[in-house]
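# Structural characterization, general
Here is how the chains run, residue by residue.
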Amino acid sequence: QVQLVESGGGLVQAGGSLRLSCAVSGRTFTTYAMGWFRQAPGKEREFVAAISWIGISTDYADSVKGRFTISRDNAKNTVYLQMNSLKYEDTAAYYCAVRGGRSSYSRNLVDYDYWGQGTQVIVSS
C-alpha cells in the first residue's frame, strides 16, 4: 500500500511563508502525478495545486496563483508546496495526493488514489 506523509505545517503570521513536504513510500507507481488539496473548518476539500510526473507542467487554483509553487523530486519520491504571502483564508489542513499510473494532473479529488493524513496550516493576524 502506498503511504503519504505530509510535514512542514505550522502557525505563521499573515504575509509569512511555509514549505510543505509530502513523502511517498511503500508501493509506488512507475509514473504518477501529484496534487495538493486543502480543507478549512466547515468547508469541503478543495484543489490547491498539481504537478505532472516530469514536473514541468503545473496547475494552480486561482486563489493561490502567484503565491504558491508546487515542485517534486522523483528520486526522493517527494512533492513540495512552497507557500508565500500567506493569507488568513489559507488556513486549512493540507493534503497530499497521488494519481497513480497517470502522468497528467487533475483538479478532481476522485482522480487521486492515495492520500496523506494532512498537515495543519494556521495563518494568524
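All figures in this text were calculated on a predicted structure; none of them were measured in a lab.

## Some thoughts on the sheet that holds strand β8 (residues 78–83)
Pairing between sheet strands relies on hydrogen bonds along the backbone, with the strands arranged either parallel or antiparallel. The sheet built from four strands is open, its strands ordered β1-β3-β8-β7 with antiparallel pairing. What marks the edges here is a single partner per strand, and that holds for β1 (2–7) and β7 (68–73). Sheet twist, expressed as the average angle between the axes of neighbouring strands with direction ignored, equals 15°. Bridge analysis of β1 against strand β3 (residues 18–26) gives six bridges, and the strand direction is antiparallel. Bridge pairing in β3 links Gln 3 to Ser 25.

## Points about the side chain of Arg 67
Within the element layout of this structure, Arg 67 appears in the loop between β6 (58–60) and β7. Looking at Arg 67, the relative accessible area reads 9%, which means it is buried. Within the structure, the side chain of Arg 67 is placed 3.0 Å from the backbone oxygen of Ser 85, a separation counted as a polar contact. A distance of 2.7 Å separates a polar atom in the side chain of Arg 67 from a polar atom in the side chain of Asp 90. For Arg 67, the contacting residues outside a window of four places in its chain are Gln 82, Met 83, Asn 84, Ser 85, Leu 86, Lys 87 and Asp 90.

Cut-offs and rules
- Residues numbered from 1 in each chain as written.
- Predicted model: local features only at pLDDT ≥ 70, side-chain atom pairs only at ≥ 80, totals over all residues.
- Heavy atoms only, no water.
- Pairing = 2+ DSSP bridges.
- Helix = DSSP H or I, 4+ residues; strand = E, 2+ residues; numbered from the N terminus.
- Axes fitted to C-alpha atoms, helices over the stretch in contact; angles between N-to-C directions.
- Buried < 20%, exposed > 50% of the residue type's maximum accessible area, 1.4 Å probe, protein only.
- Polar contact = N/O pair within 3.5 Å; in protein donor to acceptor, adjacent residues only side chain to side chain.
- Contact = heavy atoms within 4.5 Å.

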